[in-house]
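Overview (structure and organization)
Here is what each chain is made of, one letter per residue.
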Amino acid sequence: MPRIVVDVMPKPEILDPQGKAIVGALPRLGFTSFSSVRQGKRFELTVDGEVTEEILAQARDAAETLLSNPVIEDVINVEVVEA
């Protein structure tokens, strides 16, 4: 069954405490090449049958109204992924 993947990230001006904690821990674990981390959310919506433009539009609408908080988050990506 196909899936629609929705990626949501905090807006650039919003503090990201999880990202800061991760970037602080990376060097202690030997990962020294990374200077910044931002943590987001990924949603996978499984579709019964074929993904039509209408279903994709519904997923985009759900991403903007339910899956993200538009005050502090941006929907970065909505795409179809074949299972």
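Located above this text is the structure these notes cover.
Because the structure is a prediction, the values reported are computed rather than measured.

This part takes up the pattern of salt bridges. Overall, the coordinates contain four salt bridges when judged by the stated rule. One salt bridge connects R42 with E44, and the closest N-O pair in it is separated by 3.0 Å. Taking relative accessible area as the criterion, E44 reaches 42% and is therefore assigned partly exposed. If you follow the salt bridges from partner to partner, you end up with R3, R42 and E44 in one network.

Our next topic: the sheet that holds strand β3 (residues 73-81). Taking strand neighbours across the sheet as the criterion, the three strands line up as β2-β1-β3 in an open arrangement whose pairing is antiparallel. Two strands in the sheet have a free side with no partner beyond their single neighbour: β2 (41-46) and β3. Here the strands of the sheet are splayed against their neighbours by 20° on average, with no regard to which way each runs. Taken together, the eight bridges between strand β1 (residues 3-10) and β3 define a ladder with antiparallel strand orientation. In the strand pairing of β3, I4 is matched with V80. Lying on the sheet, helix α2 (residues 53-67) is in contact with β1, β2 and β3; it crosses β3 at an angle near 155°.

For the rest of this paragraph, the subject is the environment of R42. Following the sequence through the fold, R42 ends up in strand β2. Along the chain, R42 and V8 lie 34 residues apart, while their C-alpha atoms are 6.3 Å from each other. Every residue in contact with R42, bar those within four places of it in the chain, is listed here: R3, V5, V6 and D7. Here E44 takes part through its side chain, which lies 3.0 Å from a polar atom of the side chain of R42.

If you look at the biggest cluster of nonpolar residues, it comprises ten residues: I4, V6, V8, V47, V51, L56, A59, A63, L67 and V78. Here this core takes four residues from α2, the largest share from any one element.

Now for α2. Among the residues of α2, L56, A59, A63 and L67 are the ones counted as buried. Where the residues of α2 are buried, they touch β1, β2 and β3.

With respect to the helices and strands, G49 occurs in the loop between β2 and α2. On the basis of relative accessibility, which here comes to 44%, the residue G49 falls in the partly exposed class. In the structure, G49 is positioned 40 residues away from M9 in sequence and 29 Å away in space, judged by C-alpha atoms.

So, how was this worked out
- Here the residue numbers are simple positions, counted from 1 along each chain's written sequence.
- The model is predicted, so local features are restricted to residues of pLDDT at least 70 and side-chain atom pairs to those at 80 or more, both for listing and for counting; the totals for chains, interfaces and linings are taken over all residues.
- In computing side-chain properties, one takes all heavy atoms of the structure into account and sets aside hydrogens as well as water.
- When a carboxyl oxygen of Asp or Glu lies within 4 Å of a side-chain nitrogen of Lys or Arg, that pair is called a salt bridge.
- The classification of residues rests on relative accessible area computed with a 1.4 Å probe and restricted to protein chains. Under 20% of the type maximum is buried, over 50% is exposed, and intermediate values are partly exposed.
- In this description, strands pair whenever DSSP reports at least two bridges between them.
- Every helix listed is a DSSP run of H or I at least four residues long, and every strand listed is a run of E at least two residues long, numbered separately from the N terminus.
- Lines fitted to C-alpha atoms define the axes, with helix axes restricted to the stretch in contact, and inter-axis angles between N-to-C directions lie between 0 and 180 degrees.
- Residue contacts follow a heavy-atom distance rule, with two residues in contact if any of their heavy atoms lie within 4.5 Å.
- Distance and chemistry together define a polar contact, namely a pair of N or O atoms within 3.5 Å, with one atom able to donate a hydrogen and the other to accept it when in protein, and with adjacent residues in sequence counting only for side-chain atoms on both sides.
- By convention a nonpolar core is built from buried Ala, Val, Leu, Ile, Met, Phe, Trp, Tyr and Cys residues, the set being connected through side-chain atoms within 4.5 Å.

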